[in-house]
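# Structure assessment
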Amino acid sequence: MMNCQQATLLLSQKMDRPLTLKERCSLRFHITMCDGCNRFGRQMQQLRDITHTYMQQDVEDASQEVPPHQKDSP
Ligand SMILES: [Zn+2]
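These remarks concern the structure in this document. (Residues numbered from 1 in each chain as written. Predicted model: local features only at pLDDT ≥ 70, side-chain atom pairs only at ≥ 80, totals over all residues.)

Okay, the overall build of the protein chain next. What the protein chain contains, in helices and strands, is four helices and zero strands. Along its sequence from the N terminus, the protein chain presents helices and strands in the succession α-α-α-α. Looking at the 74 residues of the protein chain, the share that counts as buried comes to 9%. (Helix = DSSP H or I, 4+ residues; strand = E, 2+ residues; numbered from the N terminus. Buried ≥ 20, exposed ≤ 12 C-beta atoms within 10 Å, placed from the backbone.)

Written as structure tokens, this is what we have:
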């Protein structure tokens with residue numbers, strides 16, 4: 001069974017790359033047993049959701065800065 005250090009490492013790596021089936025299974029197993037890593041995993045997920053939402057809003061704001069009719073005028 002993996003320790004907390006390995007589990008948190010996988011939880012951060014999960015944001016950057018897809019985990020292998022073996023990694024996901026060991027991680028899930030650890031998280032069901034370990035409250036600390038369970039909480040850490042949820043925080044990482046929330047953080048990612050917030051970042052994702054924020055970046056989407058940013059794109060929408062940027063497109064609203066220049067109204068379409070001004071783009072075509074010389
Ligand atoms: Zn743990």
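On we go.
If you look at the biggest cluster of nonpolar residues, it comprises five residues: A7, L10, L11, L27 and C37. Examining the composition of this core, we find that three residues originate from one element, helix α1 (residues 4–13), more than from any other. Excluding its chain neighbours within four sequence positions, the residues that come into contact with L10 are L19, E23 and L27. (Core = buried A, V, L, I, M, F, W, Y, C linked by C-beta atoms within 7 Å. Contact = placed C-beta atoms within 7 Å.)

We now examine the environment of E23. Along the chain, E23 turns up in helix α2 (residues 21–33). Sequence separation of E23 and M2 is 21 residues, and the distance between their C-alpha atoms is 9.7 Å.

Another aspect to go through is α1. Turning to α1, its buried residues number three or more, namely A7, L10 and L11. Buried positions in α1, seen along its axis, are confined to an arc of 105° and lie on one side of it. In α1, the exposed positions that point more than 90 degrees away from the buried face belong to Q5 and S12. (Arc of directions from axis to C-beta.)

Here M44 lies in helix α3 (residues 35–65). Of the residues examined, M44 has 15 C-beta atoms within 10 Å and is grouped as partly exposed. Each C-alpha atom of the pair M44 and M15 lies 8.2 Å from the other, and the pair is 29 residues apart in sequence. Once residues within four sequence positions are removed from consideration, M44 is found in contact with L11, S12 and M15.

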